[in-house]
Amino acid sequence: MTADHDGDTAAGGEPKLSDSMRTFGAALKALREAGGLTQEEFAPLVRYSPAYVAKIEQGKRFPPENLPSRAGGALGPVAEKVLTATAKSLRRKAGLASWFLQWAGIEEEAITLYAYECRGIPGLLQPEEYIRAVFERQLPPLTEEQIGRQVAARLERQQPLSERPNTAFSFIIEQCILERHVGGSDVTKVVIDHLLDLGRRTNVEIQIMSLRQEDHAGTDGQMYLAESPGNQWFGYVEGHRSSALITASSEVSILLQRYGKLRSQALDCRATVSLLEQMRGAL
């Protein structure tokens, strides 16, 4: 995904944290500490990572719906009631930031993640030079300080690629994205080298969709799909300053069908490597 913020931003150019999310996080932290548990001790009891628990407590991640019940198993029925009541006041902001915060949590914990992009390099695969080039061209313009924060945030989001070796990642990228040369030829060289390097990992599959493809299942636009540790699938799509998290199984099933078709239509991994090397040599 290519956007991490919306119109509801603080003066520094970053999404405002919802007061209700901060309240929920503070309540979770207080209950955890009252139970005598550190984040490292509490995390496996609720089947989430310590880093994910930390971000929820900081109000940076939208808590999963099942967190109160899982916390109740670790901290007792009173804690479950408190967190359930607090969760009812959670405010999802109207734009991308709130949906993205919820999706980011799903993304961090996913055991399978699929991405099809027809607009830009997927956020999880972007090298720093490309990230900076994207934000330097954003409108309204950002200050250098704001760009620096956005770059740091996106690089932080990429940690699951290295920290979750058992998560299966699949990416389908339209060839035209690379042909566009966002940021110039030097940036495109870095992008291609980065894709070739990441594609060598056993848990990362990268496929390029050729410029010419008469049978194409992605005409409705980009899509992201993630499978949770509980084997529930979620979908996520974005538009201009808008986004949607898709949870209905019937709708997610449609996206999974389309993604499966896209995988069969894109170049396989070996052909992708050959094309990337050819494009790299032509720069």
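Scroll up a little and you will see the structure.
This report concerns the structure included in the present document. Because the structure is predicted, anything quoted here is derived from the model rather than measured.

Basis of the calculations
Residues numbered from 1 in each chain as written. Predicted model: local features only at pLDDT ≥ 70, side-chain atom pairs only at ≥ 80, totals over all residues. Heavy atoms only, no water. Helix = DSSP H or I, 4+ residues; strand = E, 2+ residues; numbered from the N terminus. Expected span 1.5 Å × (residues − 1). Buried < 20%, exposed > 50% of the residue type's maximum accessible area, 1.4 Å probe, protein only. Arc of directions from axis to C-beta. Contact = heavy atoms within 4.5 Å. Polar contact = N/O pair within 3.5 Å; in protein donor to acceptor, adjacent residues only side chain to side chain. 1 Å grid on protein atoms, 1.4 Å probe; cavity = no way out; pocket = protein on both sides within 12 Å on 5 of 7 lines; lining within 4 Å. Points joined across faces, edges and corners; volume = space filled by probe spheres on them. Nonpolar A, V, L, I, M, F, W, Y, C, P; charged D, E, K, R; others polar.

So, on to helix 13 (residues 269-282). The first and last C-alpha atoms of helix 13 sit 20 Å apart over 14 residues, in line with the 20 Å expected at 1.5 Å per residue. Every buried residue belonging to helix 13 is among Thr272, Leu275, Leu276 and Met279, and all of these are buried. Viewed along the axis of helix 13, the buried residues span an arc of 100°, placing them on a single side of the element. In helix 13, the exposed positions angled more than 90 degrees off the buried face are occupied by Arg270, Gln278 and Gly281. Here the buried face of helix 13 lies against helix 10 (175-179), helix 11 (185-198) and strand 3 (204-209). Two or three places before Arg270, at the start of helix 13, stands the capping residue Asp268, its side-chain oxygen 3.2 Å from that residue's backbone nitrogen.

Enumeration over the complete set of coordinates arrives at one cavity of 30 Å³ or more. By volume, the largest cavity is sized at about 50 Å³. Around the largest cavity sit Ile121, Tyr130, Ile177, Leu178, His181, Val182, Thr188 and Val191, which together line it. At the level of elements, helix 10 and helix 11 are the ones that each hand at least two residues to the lining of the largest cavity. Residues belonging to the lining of the largest cavity are distributed by class as follows: six nonpolar, two polar and no charged.

Moving on, we come to helix 12 (residues 249-265). Between the first and last C-alpha of helix 12 there are 24 Å, a value that for 17 residues agrees with the 24 Å anticipated at 1.5 Å per step. Among all positions in helix 12, only Val252, Leu255, Tyr259, Leu262 and Gln265 are buried. One side of helix 12 carries all its buried residues, which in axial view fall inside an arc of 135°. Away from the buried face of helix 12 by more than 90 degrees, exposed residues Ser249, Gln257 and Ser264 are located. Contact partners of the buried residues in helix 12: strand 1 (112-117), strand 2 (168-174), strand 3, strand 4 (223-227), strand 5 (233-239) and strand 6 (242-246).

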